[in-house]
Number of protein chains: 2
Amino acid sequence: MEQKIIDLLKRSNLSITDSRKKILESFFQEDSALAHADIENHVGQDFDRVTIYRTLQTFVDKGIIHTIPTPDNAVLYALCKDSCSAGHHHDNHVHFICDNCNKTFCLEHVVVPAVHMPVGFAASQIDMVVSGICNYCNATT
Amino acid sequence: MEQKIIDLLKRSNLSITDSRKKILESFFQEDSALAHADIENHVGQDFDRVTIYRTLQTFVDKGIIHTIPTPDNAVLYALCKDSCSAGHHHDNHVHFICDNCNKTFCLEHVVVPAVHMPVGFAASQIDMVVSGICNYCNATT
DNA sequence: TACACTATTGCAACTATGTTGCAAAATGTT
DNA sequence: AACATTTTGCAACATAGTTGCAATAGTGTA
Ligand SMILES: [Zn+2]
Ligand SMILES: [Zn+2]
Ligand SMILES: [Zn+2]
Ligand SMILES: [Zn+2]
């Protein structure tokens, strides 16, 4: 884990700092997307709020994580897959929000479907967010 | 206009107040979705910030307007079509955000396409937000 | 390892956004 | 007009996010 994180930071041309390691750790330990508050809980009192904001922004810029738009306008972050790089995200997958456990997941293998635009409108990016019951919650009820 | 607004409020079982009239007016005058700040600008100093928040919430509850999730997590509101009623929205259309003029539109006639969920996931609601260049901006450049 | 250079962090202060309780004012009904 | 009910404004609070700057930590080089 430790080494995997260090490699990722090096590959992204980022210096290895305690906060970056700890914050990345949060993402590798959780399979779902994280809100700023989740990360604050995970890293505890170790780092300043501001550091977390700046670190997350850095990770987004470097293509390490991506943000997820949600209907209730909370900001969520999740790890990007390898195809993302600095200044160029390739996150065209669908996101799923569970109404029961309230977790948000990247459905890596579900590509956002095409949609026919009215005349005059040119689409450059499409976000799709699905809510419902996740596979874990469906299995345990 | 005035009469149209009064009728809409009566139909929704809401009392006719100055703030509700003025805020609804904002929506009828604009063809694009409005942020809280836009409405604050439109109504000027006439009403308190809190009143605007509460009025918008009331309108959402009554099925008069709906919220639009955006990738940058701003809250936007737009008029619902007639099929929406108190406690039951029917807004399954695609939303479009123009990268040029920065306005957001309801594409009333573009229905959110179906998407195939992985095993175990049950979808109950789907939001699709497209960004790009709108028809007005494409026509004038 | 020590040094110098640069990048990162913490702090404090600030802005923006949204919420709550309560008394005053406006609305609808009789 | 008088009453009961909603709605509004105010003040205070809560949460989220940003900025400038000085202190600190990380990196590459000698
Ligand atoms: Zn779930
Ligand atoms: Zn994702
Ligand atoms: Zn436009
Ligand atoms: Zn809409």
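Up top is the structure these notes are about.
Residues numbered from 1 in each chain as written. Chains lettered and ligands numbered in written order. Predicted model: local features only at pLDDT ≥ 70, side-chain atom pairs only at ≥ 80, totals over all residues. Heavy atoms only, no water.

## Some remarks on the coordination of the zinc ion (ligand 4)
Residue and element names in this part refer to chain B.
Here is step 1: Protein coordination at the zinc ion (ligand 4): the donors are His66 (NE2), His93 (NE2), His95 (NE2) and Cys106 (SG), at 1.9 to 2.2 Å from the metal.
Here is step 2: If you look at the zinc ion (ligand 4), its four donor atoms make angles of 99 to 116° with each other, and the shape they trace is tetrahedral.
Here is step 3: All donors to the zinc ion (ligand 4) come from one chain, and their sequence spacing reads H-x26-H-x1-H-x10-C. Of this pair, His93 sits in strand E4 (residues 93-98) while Cys106 sits in strand E5 (residues 104-111), placing them 13 residues apart in sequence. (Donors = N, O, S within 2.8 Å, 3.2 Å for Na, K, Ca; no water. Tetrahedral: all angles 85-135°; square planar, octahedral: opposite > 155°, others 65-115°. Helix = DSSP H or I, 4+ residues; strand = E, 2+ residues; numbered from the N terminus.)

## As for the relation of the copies chain A and chain B
Here is step 1: Overlaying chain A on chain B yields an RMSD of 0.0 Å, the required transformation being a rotation through 180° with an accompanying axial translation of 0.0 Å. Expressed as an axis order, the relation between the two copies is that of a two-fold axis.
Here is step 2: Same-surface contact between copies: 100% of interface residues of chain A are shared with the interface of chain B. (Least-squares fit on C-alpha atoms with pLDDT ≥ 70 in both. Contact = heavy atoms within 4.5 Å.)

## Things to note about the pattern of salt bridges
All names here are of chain A.
Here is step 1: One pass over the structure, following the stated rule, counts four salt bridges over all chains.
Here is step 2: A salt bridge links Glu2 to Lys21; its shortest N-O distance comes to 3.4 Å. A residue pair is termed long-range when its members are at least 10 positions apart, and Glu2 in helix H1 (residues 2-11) and Lys21 in helix H2 (residues 18-29) qualify at 19 residues.
Here is step 3: Across the pair Lys22 and Asp46 runs a salt bridge whose closest N-O atoms are separated by 3.2 Å. You can see Lys22 sitting in helix H2 and its partner Asp46 sitting in the loop between helix H3 (36-43) and helix H4 (49-61), a full 24 residues away along the chain.
Here is step 4: Take Lys22: its relative accessible area is 23%, and that puts it in the partly exposed class. (Salt bridge = Lys/Arg side-chain N within 4 Å of Asp/Glu carboxyl O. Buried < 20%, exposed > 50% of the residue type's maximum accessible area, 1.4 Å probe, protein only.)

## Some remarks on the sheet that holds strand E2 (residues 65-68) of chain A
Residue and element names in this part refer to chain A.
Here is step 1: Taken in spatial order, the three strands make up an open sheet running E1-E3-E2, and their pairing is antiparallel. The sheet terminates laterally at strand E1 (34-35) and E2, the two strands that pair on one side only.
Here is step 2: Pairing analysis gives two bridges linking E1 to strand E3 (residues 76-79), with the strands arranged antiparallel. In the strand pairing of E3, Ala35 is matched with Leu76.
Here is step 3: Packed on one face of the sheet, H2 meets E1, E2 and E3 and runs near 80° to E3. (Pairing = 2+ DSSP bridges. Axes fitted to C-alpha atoms, helices over the stretch in contact; angles between N-to-C directions.)

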